Amino acid sequence: MKSFNYVITDEVGIHARPAGLLVKAAKGLSSKIVVKAGAKSADATKLMALMGLGVRKGTEVTVEVNGENEAADAVVIENFFKNNL
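Residues numbered from 1 in each chain as written. Predicted model: local features only at pLDDT ≥ 70, side-chain atom pairs only at ≥ 80, totals over all residues. Heavy atoms only, no water.

### Section: the pairing of strand E3 (residues 40-43)
Taken together, the four bridges between strand E2 (residues 32-37) and E3 define a ladder with antiparallel strand orientation. Looking at the pairing, Ala37 lines up with Lys40 of E3. Here E2 folds back onto E3, and the loop between the two strands holds two residues, one of which, Gly38, carries a positive phi near 65 degrees. (Pairing = 2+ DSSP bridges. Helix = DSSP H or I, 4+ residues; strand = E, 2+ residues; numbered from the N terminus.)

Pasting the structure below:
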């Protein structure tokens, strides 16, 4: 498993538009992606679960990537976070 922490910089946090883009990106990868915020966690392929985390600007999330291609997939998802969240 690969993981990284990221502090959300988007003004409104993980909201509908970037969450939808994240779901699309996660579904295109072979690894399972899980986003954790505090005690809550969400599968990155589930839009409502991601939005249900209630992540706002300044919140630190942990992203876990698990699968056969986890190293490459973790780089892709980390770049997604940097460019969109």
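On we go.
### Description of the sheet that holds strand E1 (residues 2-7)
Spatial ordering of the open sheet is given by E1-E4-E2-E3, a layout of four strands whose pairing is antiparallel. One side of each edge strand has no neighbouring strand; the edge strands of this open sheet are E1 and E3. Recorded for the sheet is a direction-independent mean angle of 20 degrees between the axes of neighbouring strands. Of the strands in this sheet, E1, E2 and strand E4 (60-66) are in contact with helix H3 (residues 70-84), which crosses E1 at around 5 degrees. (Axes fitted to C-alpha atoms, helices over the stretch in contact; angles between N-to-C directions. Contact = heavy atoms within 4.5 Å.)

### Regarding the pattern of salt bridges
Following the criterion strictly, the structure yields three salt bridges and no others. Among the ionic pairs, Lys57 bridges to Glu11, the shortest N-O distance being 2.7 Å. Taken together, the residues Lys57 in the loop between helix H2 (47-52) and E4 and Glu11 in the loop between E1 and helix H1 (16-27) connect sequence positions 46 residues apart. Under the relative-accessibility criterion, Lys57 is labelled partly exposed at 44%. Put simply, Lys36 and Glu64 hold a salt bridge, and the shortest N to O gap is 3.2 Å. Of this pair, Lys36 sits in strand E2 while Glu64 sits in strand E4, and the two are 28 residues apart along the sequence. By relative accessible area, which is 31% here, Lys36 ends up partly exposed. (Salt bridge = Lys/Arg side-chain N within 4 Å of Asp/Glu carboxyl O. Buried < 20%, exposed > 50% of the residue type's maximum accessible area, 1.4 Å probe, protein only.)

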